[in-house]
Amino acid sequence: AGQARIAMSEPLLEHDLWQRAIQNQIPRDDKETTRAARAIIKKFDEPECSSHQFFMRKMPKGKASLSQILSEAPADTQDLENYDEWHVITTNEWMSYLASLGLSSAFEILDLNSDLTLLLAVFIDSAYADVPLVLKLTFALLTFLSLLLAIGISLGSAYTSRQHVEPKSRNTMYLILCTFLNWISTPVFLMVAPQRLAPYGQHFLGRNVGYSKDTRGLPVVCRGNAALVSYLSQRTFRTQLPKVFFENILLFALTVYMQQAYVKSWGAAAIFSVTSSALSLLYSIWRTVRFFVAARRAKLTYQKIVDDTAGYETNFDKTQAQEMLSSGAISYLPS
């Protein structure tokens, strides 16, 4: 893969954008970002292109090839790390982000409501009179433990992320809103959209090169190393991991056991809760598998970035990768 990258020829983009962006050294009319935007929009406008995702091959010494921009991921997934991923943010894509967030938040609130409804029924409904107190208390403990752990992790993430927002937003309201958005696993891209869609280099989170008439106002956003995008976009899911174990698995099993062993019948609250929990369990297992697959790939990619000696990665990228390996969530994964 490395030899293939080196063999590619002109045109090349002097692609030290990451380094220069961090130092706020990219002017609004920067020629390099304009060339990148034009090349991607040209590919986007091709009649046969139906994608909003584009992959630009990285080259040595901080360059990237504009000669072969792919409109779909390379067939060899092991080759993803050799590309930067760019997105053209269309109206449909933005609305899909919002729709996904709406469905996710509605599902989480519905699931929590069903658990709290059943919890109340366990303690006050006569149908549960024969259930031992220790099981009722265990049910309550699992419910609140799951919720408190998720809120604790979300609050920690919100507190850490305060440094990335403007000073006037570093207040209690930010912590409340950010904690809630982390709790419902809001995609990171949506949470940092005001900064991420800023012109490349005007903010250290800014990744948008689509601010000229050449792109017709469509944001053209660099999502970074293509092998890392999946993990970085869903890393807020880690706030849901306590729920997967305590609520979706243990609480689900305890509910079924109480109904079968003591209640001997299925009331509306129990049916609603178990059905909701069963669907949530299947959905959570699917998301958990996706998360750990993405996290595993991210850890391997970060290690390759740190070990790079061919000049494909900047010193800044290596420093960031080392920090993720040593203190990030993926640091707990086996090598």
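The structure we're discussing is the one just above.
Predicted model only: the values in this text are computed from it and were never measured.

Caption draft 1: Highlighting the packing of helix α5 (residues 133-161) against helix α6 (residues 172-183). The geometry of α5 relative to α6 is characterised by a closest axis approach of 8 Å and an angle of 125 degrees between their N-to-C directions. Classified by the interaxial angle, the pair formed by α5 and α6 is oblique. The crossing of α5 and α6 is right-handed. Facing L147, A150, I151, S154, L155, S157, A158, Y159 and S161 of α5, the residues of α6 in contact are Y174, L175, C178, T179, N182 and W183.

Caption draft 2: A look at the pattern of salt bridges. Counted according to the given criterion, the structure contains five salt bridges. A salt bridge links D79 to R57; the shortest N-O distance between them is 3.0 Å. Of the two residues, D79 is situated in the loop between β3 (63-70) and β4 (83-88) and R57 in strand β2 (residues 53-59); the sequence distance between them amounts to 22 residues. The residues D79 and R57 share a single accessibility class, namely buried.

Caption draft 3: Representation of the environment of V192. Topologically, V192 is positioned in the loop between α7 (188-191) and α8 (193-196). Owing to a relative accessible area of 18%, V192 belongs among the buried residues under this scheme. Each C-alpha atom of the pair V192 and V165 lies 8.6 Å from the other, and the pair is 27 residues apart in sequence.

Caption draft 4: Up close: the nonpolar core. Core analysis: the biggest nonpolar cluster contains 19 residues, and I40, F54, M56, I69, W86, V88 and V220 have the highest contact counts within it. Elements represented by at least two residues in this core include exactly α3 (31-44), β2, β3, β4 and β5 (220-225). Tallying contributions element by element places α3 first for this core, with six residues.

Reading the values: rules and limits
- Residues numbered from 1 in each chain as written.
- Predicted model: local features only at pLDDT ≥ 70, side-chain atom pairs only at ≥ 80, totals over all residues.
- Heavy atoms only, no water.
- Axes fitted to C-alpha atoms, helices over the stretch in contact; angles between N-to-C directions.
- Helix = DSSP H or I, 4+ residues; strand = E, 2+ residues; numbered from the N terminus.
- Parallel < 35°, antiparallel > 145°, perpendicular 65-115°, else oblique.
- Left-handed = near helix turned anticlockwise from the far one by under 90°.
- Contact = heavy atoms within 4.5 Å.
- Salt bridge = Lys/Arg side-chain N within 4 Å of Asp/Glu carboxyl O.
- Buried < 20%, exposed > 50% of the residue type's maximum accessible area, 1.4 Å probe, protein only.
- Core = buried A, V, L, I, M, F, W, Y, C linked by side-chain atoms within 4.5 Å.

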